[in-house]
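Here are the chains, one letter per residue:
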Amino acid sequence: MKNSLFCMAAVLAFVPFCGVSHAAIDAEMEGMEAVSRDDGTFLIGSPTYQFDRILGAGGIHSESELWTPQKLRQRLLFNRMSITPSWAPFEPSVWVKTGNELGDMIYQDVITEYGRPENRTPILEGGFRTPSFKGFWATARGFQDDHYAARTASYRKKIVEDEFAFFGANYPMFSSVYAGLGYTNDFVNASVLVGEEYLWEYMESSRWMPVHMKPRIEARADFWNFSLTAAFEDALYQNVLRGENGERKEVNGSLLYRCGDACEKGMLQLSAGIAFRFVDDEGTVYTELDDNHVVWPFMQLRIAPFNWLKADVMFGMNDADWLVQDSVEISLPLAVKNLGVLVGFKNISGTRLNPLADDREFFAMGNVESVIELSPDGQMTLFQGYLSFADTVASFSFGGRASFWAEKGAETFDVDGFVEDREYEFRYGNVSRIDSWIKGVTGEFWLDVWLGDMFKFRALTGFERIDGDDQRFEVTPAEYFVAFTGDWLIRKSFRVSHSLRYRSDARWNLRSSDPMVVKGDWFWDATFEQMFPKYGLSFTGSLIHVLADEVIQVPGADYDRVRIVCYIRKTF
Amino acid sequence: MKPIRTLFAALLLAAVAWAQNAAPDSTQSSELVTSKPAADSAKAPVDTLAYAFHKAYISIEGGEMYPFGDLVDAVENSFYGGIGFRYSYWPDFDGFIHFNYAYVKVRAEGIPFPGVHQFVGRIGLDWHWRLLRPLAIGAGFTCNWTRADSDEEDKYYEGRGGMLLDNETEFGWFARVNMPFTSFKGITAGLNVLWEQLWTLPERSNTLTVGFYLERRIW
């Protein structure tokens, strides 16, 4: 029931091509699935920042930059949407998670004088949610991910006055605890969580901004066809080096009316909602929201007059911005059994990819003081046409997709200058637009093989050719990828998932004076899970990025390292 | 230290001899399959989900850890103590989980703390190969968590030993021989001999661990 809202939203999503990419590699934390994806350009800077662009999605933006209704319960970190750190309550269970980047010295530490490797950092989590007692339940969780933290820790630690985490001294990119109560029955699912959180947010200037939320309170309620979310955040900002302190009290949330079960069967499906933010700033807060508030009403419409035709529209507007996302899909009638062919068209137009984000960033470093405008004038328009097909023969399935897209007014960053501080480079200027057409063609092909529930295999490859002013792209995306995934379920209780992938070069053009190329590489991830369904127990171990070179994927961020994550869970 | 080592060596040798005569104990395949004739049991379908965990044992264990290779210059041999949990997993295979603690004294000079607190967690599988019974050979993964015996976190971060001032964690793998040598009133006594490699940098870290355990079945 409670998930159906977002299933609905997912159905109405405007990404026409998804779910063909990754094996069941367990993400180290909710929202970090992109680490194990390479069917596009997925560059990870930290658990709180990733550039995630699926090849074939069209446009040059990453998915997390774009606001969509299905992200209503995601976190807004600076100007992008993020699942991590997630405050979505778990199902009734008790769980523990730990892991580490490989390569700590342990006892080698006391005998290694020279060539000492950088510290390797862990992941830590523990929590529970009780079974329901007359509908009531309680939950608590502490979680932090210290990966992607060691390189920049020595720089960041001078900005804050303490270790900026609940555990350890690695200056993790987030550290979060919450506890709360909930009530669930057939008609309502509601919860209130109270907690505290340390976060480092990646800004447009490439600075990492420390945010200490004390407290953070989040309430959710799903009832009838409504979904309500509200959060209060008392966020503390600081820069010890510059003697700056600030505080932002913020209330944000959303109310959504979704199309009900009866409505979903009809020809016309209508959902509508409103998202909002109200902020009150004191002292030095490094960003600003116009009028200290934003209210964003939106509606979603699906028209499906025939089985072979459907059209979706999402439209949102307020006094500052508007955003439209629409698509039309036609299933071509074919006489060949099991062969499906789909022709589609989609469009995204709007004044801003994320109309809920702040409007400016205040930059001050060295002798430079600048206001970075985050909301550019004008509008962007993206068109995409695509054709896909899929065929199934016995235990084989294969398919492909080809698309053409064109975008004008794509968001970019006009750099006025760079400031160097130790080994890092920061930029100032304004978010702007590329007022010429960027065009792209994409092609993907995949093959599935399976053997009952026991074995599934997928080979997937894709390419993309982009024609445009790529020197002004924030990221020039990878041109091609190939991925092989395999999932085994042995004796219905032991799962092994593998994912072997190659992604070609990607390039950051605007975050440093010399473009930073993220070299193409092979990645191998694996998850092993032993389940004991009778006892509701599962033990999971994941190896992440085993083959890959340990490189920095985002300017000013940290190394992506080989790591192991272990997870033990007992469900009630 | 020498008498302790001698005792362990003697126990090790004795275990091999005793093992030849020791009655098959609770480590054997369960009644889910062994109640049938051997020829049938090979063919008998075993319900994995019912078999796993249908027997379980808890244990206490104490012994000594010996550094190998360049680790000899880093730390001294160290006593450890811990607890274990072993469970039926599949005919001829047991799963096990161990936790133990050791205070590891530093041998290298110039380190501003005398020792390191070490917590180890291991998860693995034992194989009861019929040619070796009642010995079992096993392997698995280990997680090693360490922290220096010091309160001076910020004073010595860059130099040798500095990283241990904060928490350090590393994974690795191990192989072991489990040698039960006697049982008395439901309690089994035995030896675990375990070779372990941690995936540390700049070199891998190897240790040998020899421990004596007492184990009791809990269901």
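Residues numbered from 1 in each chain as written. Chains lettered and ligands numbered in written order. Predicted model: local features only at pLDDT ≥ 70, side-chain atom pairs only at ≥ 80, totals over all residues. Heavy atoms only, no water.

(A) Expanded view of the environment of A:Ile25. Residue and element names in this part refer to chain A. Following the sequence through the fold, Ile 25 ends up in the loop between α1 (4-11) and β1 (40-46). Residue classification places Ile 25 among the buried positions, given a relative accessible area of 11%. Taking C-alpha positions, Ile 25 is 6.1 Å from Ser 497, a pair spaced 472 residues apart along the chain. The residues touching Ile 25, leaving out its near neighbours within four places in the chain, are Ser 36, Ser 497, His 498, Ser 499, Asp 525, Ala 526 and Thr 527. (Helix = DSSP H or I, 4+ residues; strand = E, 2+ residues; numbered from the N terminus. Buried < 20%, exposed > 50% of the residue type's maximum accessible area, 1.4 Å probe, protein only. Contact = heavy atoms within 4.5 Å.)

(B) Seen up close, the interface of chain B and chain A. Taken together, the 45 residues of chain B in the interface contact 38 residues of chain A. Regarding the contact of chain B and chain A, the summed buried area is about 3,500 Å², with carbon and sulfur atoms giving 63% of it. Our enumeration of links across chain B and chain A arrives at 1 salt bridge. A:Glu113 serves as the salt-bridge partner of B:Arg160, at 3.1 Å between the closest nitrogen and oxygen. Here chain B and chain A share 16 residue pairs in polar contact (both at pLDDT 80 or more) between them. Among the elements of the structure, α4 (48-51), β2 (78-90), β3 (93-105), β4 (115-127), β5 (136-148) and β6 (168-184) of chain B are those that each provide at least two residues to the side of chain B that touches chain A. With 4 residues, β6(B) is the largest single contributor of residues to the side of chain B that touches chain A. Split by residue class, the side of chain B that touches chain A holds 24 nonpolar, 11 polar and 10 charged. (Buried area = accessible area lost by both parts, 1.4 Å probe. Salt bridge = Lys/Arg side-chain N within 4 Å of Asp/Glu carboxyl O. Polar contact = N/O pair within 3.5 Å; in protein donor to acceptor, adjacent residues only side chain to side chain. Nonpolar A, V, L, I, M, F, W, Y, C, P; charged D, E, K, R; others polar.)

(C) The state of the cysteines, seen in detail. Residues and elements named next belong to chain A. Per the stated rule, a full pass over the model turns up 1 disulfide over all chains. Across the disulfide from Cys 259 sits Cys 263; the S-S distance is 1.8 Å. On the sign convention where negative is left-handed, the bridge of Cys 259 and Cys 263, at about -110° about the S-S bond, is left-handed. Exposure remark for Cys 259: the relative accessible area of 0% places this residue in the buried category. (Disulfide = S-S within 2.5 Å.)

(D) Main features of the pattern of salt bridges. Residue and element names in this part refer to chain A. Inspection of the entire model under this criterion finds 52 salt bridges over all chains. Residues Glu 125 and Lys 97 are paired through a salt bridge, measuring 3.7 Å at the closest nitrogen-oxygen approach. Of this pair, Glu 125 sits in strand β6 (residues 122-129) while Lys 97 sits in strand β5 (residues 93-101), and the two are 28 residues apart along the sequence. Taking the relative accessible area as the measure of exposure, Lys 97 reaches 8% and is therefore buried. Arg 563 is the salt-bridge partner of Asp 560, the closest N and O atoms lying 3.5 Å from each other. Comparing Asp 560 with Arg 563, the two get one shared label, buried. Via salt bridges that share partners, Arg 248, Glu 250, Arg 277, Asp 281 and Asp 358 belong to a single interconnected network.

(E) Inspection of the nonpolar core at higher detail. Residues and elements named next belong to chain A. Core analysis: the largest hydrophobic core is formed by 62 residues, its most contacted members being Leu 43, Phe 363 and Trp 508. Of all the elements, strand β9 (residues 188-202) adds the most residues to this core, at 5 residues. Formed by 25 residues, the second largest nonpolar core is a distinct cluster that contains Leu 72, Ala 275, Leu 353 and Leu 356. (Core = buried A, V, L, I, M, F, W, Y, C linked by side-chain atoms within 4.5 Å.)

(F) Main features of unusual backbone geometry. At the junction of A:Thr84 and A:Pro85, the peptide bond is cis and its omega measures out at -10° in the coordinates. Turning to its location among the elements, A:Pro85 is positioned in the loop between β4 (80-82) and β5. Of note, the amide linkage connecting B:Leu201 to B:Pro202 takes the cis form, showing an omega dihedral of 0°. A positive phi angle, near 55°, is found at A:Phe164, a position not held by glycine. Locating A:Phe164 in the fold gives a position in the loop between α2 (150-156) and β8 (174-184). The phi torsion at A:Tyr171 lies on the positive side, around 50°, for a residue other than glycine. Inspection of the secondary structure puts A:Tyr171 in the loop between α2 and β8. Assessed through its relative accessible area of 9%, A:Tyr171 is described here as buried.

(G) Spotlight on the pairing of strand β16 (residues 309-317) of chain A. All names here are of chain A. Pairing between strand β15 (residues 293-306) and β16: 7 bridges, direction antiparallel. Of the residues in β16, the one forming a bridge with Leu 301 is Val 313. Hairpin connection between β15 and β16: a loop of 2 residues separates the two successive antiparallel strands. Here β16 pairs with strand β17 (residues 322-332) via 9 bridges, running antiparallel. Following the sheet pairing, Ala 311 is matched in β17 by Val 328. Between β16 and β17, which pair antiparallel in sequence order, lie 4 residues. (Pairing = 2+ DSSP bridges.)

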